[in-house]
Amino acid sequence: MKDALKVGISGVRGVVGRSLTPQIVTSFAQAFGTFAGRGTIIVGRDTRPTGSILEHAVIAGLQSVGCKPLLAGVVPTPTVLYLTRKLRARGGICITASHNPVEWNALKFVGADGLFLGPVHAEELFDIYHQQDFPMVEEGDLRSSAPIDDPTNGHFDKVFNYVDAAAIRERAFTVAVDGCNGVGAEHSKAFLEALGCTVVMVHGESHGRFERKAEPTPESLTALSKAVIESGADIGFAQDPDGDRLTIVDEQGTALNEEMTLAMAVKQVIEHHDGAGKPIVLNLSVGKTIDAIAREHGSEIVRTRIGEIHVSSRMVELGSPIGGESNGGVIIPGIHPCRDSFGGMAIVLERLALTGKTPSALRAELPRFHMIRDKIRVRGDRAPALLRMLRKHYAAQEINTLDGVHIDFGDHWLHVRPSNTEPVMRVAVESVDAAHARSLCDELLALLDS
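All figures in this text were calculated on a predicted structure; none of them were measured in a lab. (Residues numbered from 1 in each chain as written. Predicted model: local features only at pLDDT ≥ 70, side-chain atom pairs only at ≥ 80, totals over all residues. Heavy atoms only, no water.)

Colleague: Any details on the layout of surface pockets? Residues and values, ideally.
Modeller: Estimated volume of the largest pocket: approximately 860 Å³. Lining of the largest pocket is provided by 44 residues; of these, E215, R245, N327, R417 and R426 occupy positions nearest its centre. Elements with a contribution of two residues or more to the lining of the largest pocket: β2 (11-15), β6 (104-110), α4 (119-131), α11 (308-318), β17 (370-377), β19 (412-418) and β20 (424-431). Per-element accounting of the lining of the largest pocket gives the leading share, four residues, to β17. Here the lining of the largest pocket is built from residues that sort into 13 nonpolar, 16 polar and 15 charged. (1 Å grid on protein atoms, 1.4 Å probe; cavity = no way out; pocket = protein on both sides within 12 Å on 5 of 7 lines; lining within 4 Å. Points joined across faces, edges and corners; volume = space filled by probe spheres on them. Helix = DSSP H or I, 4+ residues; strand = E, 2+ residues; numbered from the N terminus. Nonpolar A, V, L, I, M, F, W, Y, C, P; charged D, E, K, R; others polar.)

Here it is as structure tokens:
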């Protein structure tokens, strides 16, 4: 069923009023409050019209089990993670369905360490939810909610202190930003102006009724490309609704593959933030461009399953200075170990400032591979059988089953896995030859649809 509630490592998400209701949200908030323990819980949301309704449900659930909700309001998801650790809260809840369409919403759960819950803790939380045995408090023990004043200040200051803000301000860039009517529309203009930029906003009203596809893929960025050309901007940035993903449009109006955001960030951190020779953590679907950058600077690539927590927790464990995901998710632990489009914008602007080069010139320096990503809708119960079929089909190859089916052929690779956030199978292929990448992707989609 396409509207079924999705419960897993990426939290709880569904279509509001169908699979996700205020009653369900209240129960999950009660479960999280029980899991985290009585104390403060940071609550933030994106701009979706249903966000306010679900925020009230979260507050009620947390208060009923003795927690004190601290309300960040409409803020980037990375801000909630930063605040959770900074304010030493028991945990945090992000109300956002990230890249899903506007009718969806979700709860993402943050541990006291400022990271999303890992598999073991998530399973514990879901067990508490299913038991529906919450330690309700008496009236006298109810704790009131309270707003957080200027919630983004600490997060943004951390970004400004990490990069060479003076060098960025000296260049006085003109930047076009597509905020997708989300948290970027609320916060990106002031953030970039604090870095001395002149800002041209696209989809800059924060009403949450997305005027383009929520996922910042190149094909959805025609309005941003047009704005870059018409304004003569030095660069364009596109965010997703909760502000953790970032895509670049170069000065010529060309939208780059989302992975190029991460590639530019990796190169900058390695070369200017003492990152050479240190491990870079990536998920399985990140392509070979960053492998080439790592080899050039003596850094090891460490691969994880898909999902931010798998990447960020491994980065913390290894002391990795930079890593991320193929969807434009840049993770810089020197700011905070989570995907962060604001940190991504700053580090890319720093690279422009310190090299004096244009985005197209920076892209031209990077090794070129051809990547295709696609997906096919399937029922969740069909995913195991489809993966078994693929393992049989490619039985002659060395198959990595860490997350779905991943096969590296040397000059090309393929990856098929069930989505953590949608009832689909995701397909990713990359090759040195564009036609070969297209034919390989078509072959996989045909196999999955057979």
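Colleague: Got a sec to walk through the nonpolar core? Specific residues and values, please.
Modeller: Judged by nonpolar contacts, the single largest core of 49 residues is most densely connected at V175, F191, L192, L195, F237 and L349. Excluding its chain neighbours within four sequence positions, the residues that come into contact with V175 are L192, C197, T198, V199, V200, A233, I235, F237 and L349. (Core = buried A, V, L, I, M, F, W, Y, C linked by side-chain atoms within 4.5 Å. Buried < 20%, exposed > 50% of the residue type's maximum accessible area, 1.4 Å probe, protein only. Contact = heavy atoms within 4.5 Å.)

Colleague: Tell me about the pairing of strand β11 (residues 246-249), and name the residues and values.
Modeller: Both faces of β11 are covered, namely the face carrying L246 and I248 and the face carrying T247 and V249. Note: strand β10 (residues 235-239) against β11, four bridges, orientation antiparallel. Bridge pairing links G236 to V249 in β11. Linking β10 back to β11 in an antiparallel pair, the connection comprises six residues, with G243 at a positive phi of about 75°. (Pairing = 2+ DSSP bridges.)

Colleague: Please set out the sheet that holds strand β9 (residues 198-202) residue by residue, giving values where relevant.
Modeller: If you trace the four strands from one edge of the open sheet to the other, you get β9-β8-β10-β11, paired in mixed fashion. What marks the edges here is a single partner per strand, and that holds for β9 and β11. Going across the sheet, the axis of each strand differs from the next one's by a mean of 25°, ignoring polarity. Contacting β8 (174-178), β9, β10 and β11, helix α8 (residues 222-231) crosses the sheet at an angle of about 155° to β10. The sheet contacts of helix α12 (residues 341-355) involve β8, β10 and β11, and relative to β10 the element is tilted by about 165°. (Axes fitted to C-alpha atoms, helices over the stretch in contact; angles between N-to-C directions.)

Colleague: So what about the environment of K158? Which residues, and what values?
Modeller: Among the structural elements, K158 can be located in helix α5 (residues 153-162). Its relative accessible area of 30% is what places K158 among the partly exposed residues. It is 9.6 Å that separates the C-alpha atoms of K158 and Y82, two residues lying 76 residues apart in sequence. Other than its neighbours up to four places away in sequence, K158 contacts Y82, G334 and I335.

Colleague: Hey, could you go over helix α3 (residues 77-86) for me, with residue numbers and the actual values?
Modeller: Of all the 10 residues making up α3, eight are buried; the element is thus mostly covered by neighbouring parts of the structure. Taken together, the buried positions of α3 are T77, P78, T79, V80, L81, Y82, L83 and T84. One or two positions beyond α3, positive phi appears at R88, with a value near 55°.

Colleague: Explain the packing of aromatic side chains residue by residue, including any values.
Modeller: If you walk through the whole model with that rule in mind, you get nine aromatic pairs. Considering the side-chain rings of F32 and F35, the 6.1 Å spacing of their centres and the 35° angle between planes classify their relative orientation as tilted. With a gap of three residues between them, F32 and F35 both fall in helix α1 (residues 22-36), about one helical turn apart. Exposure remark for F32: the relative accessible area of 0% places this residue in the buried category. Each ring, one from F191 and one from F342, has its centre 5.2 Å from the other, and the planes form 85°; the classification is edge-to-face. Here the residue F191 occupies a position in helix α7 (residues 183-193), and F342 occupies one in helix α12, the gap between them amounting to 151 residues. Across the pair, exposure class does not vary: F191 and F342 are buried alike. Aromatic rings pair up to connect F28, F32, F35, F109, F126 and Y129 into one cluster. (Phe/Tyr/Trp six-rings, centres within 6.5 Å; stacked < 30°, edge-to-face > 60°.)

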